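Structure at a glance
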Amino acid sequence: MASLGDLERSVMDLLWDSAEPLTANDLRDDLAALGTDAKELAVTTVLTVLARLEKKGLVERERTTRPHRYAASSSREDHTVGLLNDALGTAQDREAVLARFIGGISPDEAASLRAILDSVKSA
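Residues numbered from 1 in each chain as written. Predicted model: local features only at pLDDT ≥ 70, side-chain atom pairs only at ≥ 80, totals over all residues. Heavy atoms only, no water.

Topic: the domain arrangement of the chain
- Taken domain by domain, the chain holds domain 1 (4-70) and domain 2 (74-119).
- A straight line from the C-alpha centre of domain 1 to that of domain 2 covers 29 Å.
- Both sides together, the interface formed by domain 1 and domain 2 hides about 480 Å², and carbon and sulfur atoms give 46% of it.
- Applying the counting criterion to the domain 1 and domain 2 interface returns two salt bridges.
- The salt bridge partner of D17 is R76, with a shortest N-O separation of 3.0 Å.
- At the junction of domain 1 with domain 2, the criterion picks out three residue pairs in polar contact (both at pLDDT 80 or more). (Domains from an automatic or database assignment. Buried area = accessible area lost by both parts, 1.4 Å probe. Salt bridge = Lys/Arg side-chain N within 4 Å of Asp/Glu carboxyl O. Polar contact = N/O pair within 3.5 Å; in protein donor to acceptor, adjacent residues only side chain to side chain.)

Below you can see the structure in the form of structure tokens.
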């Protein structure tokens, strides 16, 4: 699973947060409203980003309407899990990576992790 560039991340954040599919114009306007450098973005630039995201499997395009509408193909959480799995898959010592990760989380996050692990054990 590929990591995202800044503009790709911004577009994905908008798609993940949206309750409905968005057009490239919607996304350009939303990016501009966020105060990003999108005021100067051409809609063709947004379309190029969307095409790259679609090729990566992160975006689905509704082709039945004009203009096309775009939606995230999976949740933000699923994407993050994919990145974590990719990182762990390349680690020579997975246990060491997990230990360092766990060493850097807050006590509240550790409690959440314990609860999740306990629920998996009992399932």
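Here the narrative resumes, following the displayed structure.
A word on the pattern of salt bridges
- Counting across every chain of the model gives eight salt bridges.
- Here E8 makes a salt bridge to R52, at a shortest N to O gap of 3.4 Å. Placement of E8 in helix α1 (residues 6-17) and of R52 in helix α3 (residues 43-55) is noted, with a sequence separation of 44 residues between them.
- For E54, the salt bridge goes to R63, with nearest N and O atoms at 3.3 Å.
- Residue E54 is classed as partly exposed on the basis of its relative accessible area of 22%.
- If you follow the salt bridges from partner to partner, you end up with E8, R52 and K56 in one network. (Helix = DSSP H or I, 4+ residues; strand = E, 2+ residues; numbered from the N terminus. Buried < 20%, exposed > 50% of the residue type's maximum accessible area, 1.4 Å probe, protein only.)

Re a nonpolar patch on the surface
- Taken together, L98, F101 and I102 make up a surface patch of nonpolar side chains, about 280 Å² in accessible area.
- Mapping L98 onto the fold places it in helix α5 (residues 94-103). (Patch = residues over 30% accessible without salt bridge, like charges linked within 9 Å, V, L, I, M, F, W, Y side chains within 5 Å. Areas by Shrake-Rupley, 256 points an atom, 1.4 Å probe, with all protein chains shown as cover.)

A few points about the packing of helix α2 (residues 24-33) against α3
- Orientation of α2 relative to α3, taken along the N-to-C sense of each, is 110 degrees, at an axis distance of 9 Å. With respect to each other, α2 and α3 are oriented roughly perpendicular. Contacts from A24, N25, L27 and R28 in α2 reach V43, V46, L47 and L50 in α3. (Axes fitted to C-alpha atoms, helices over the stretch in contact; angles between N-to-C directions. Parallel < 35°, antiparallel > 145°, perpendicular 65-115°, else oblique. Contact = heavy atoms within 4.5 Å.)

Regarding the pairing of strand β2 (residues 69-72)
- Here four bridges tie strand β1 (residues 59-62) to β2, and the two strands are oriented antiparallel to one another. Each residue of the ladder has a partner; that of R61, found in β2, is Y70. (Pairing = 2+ DSSP bridges.)

What to know about unusual backbone geometry
- Here the bond from R66 into P67 is cis, since omega is -5 degrees, no more than 30 degrees from zero.
- As for its placement among the helices and strands, P67 is situated in the loop between β1 and β2.

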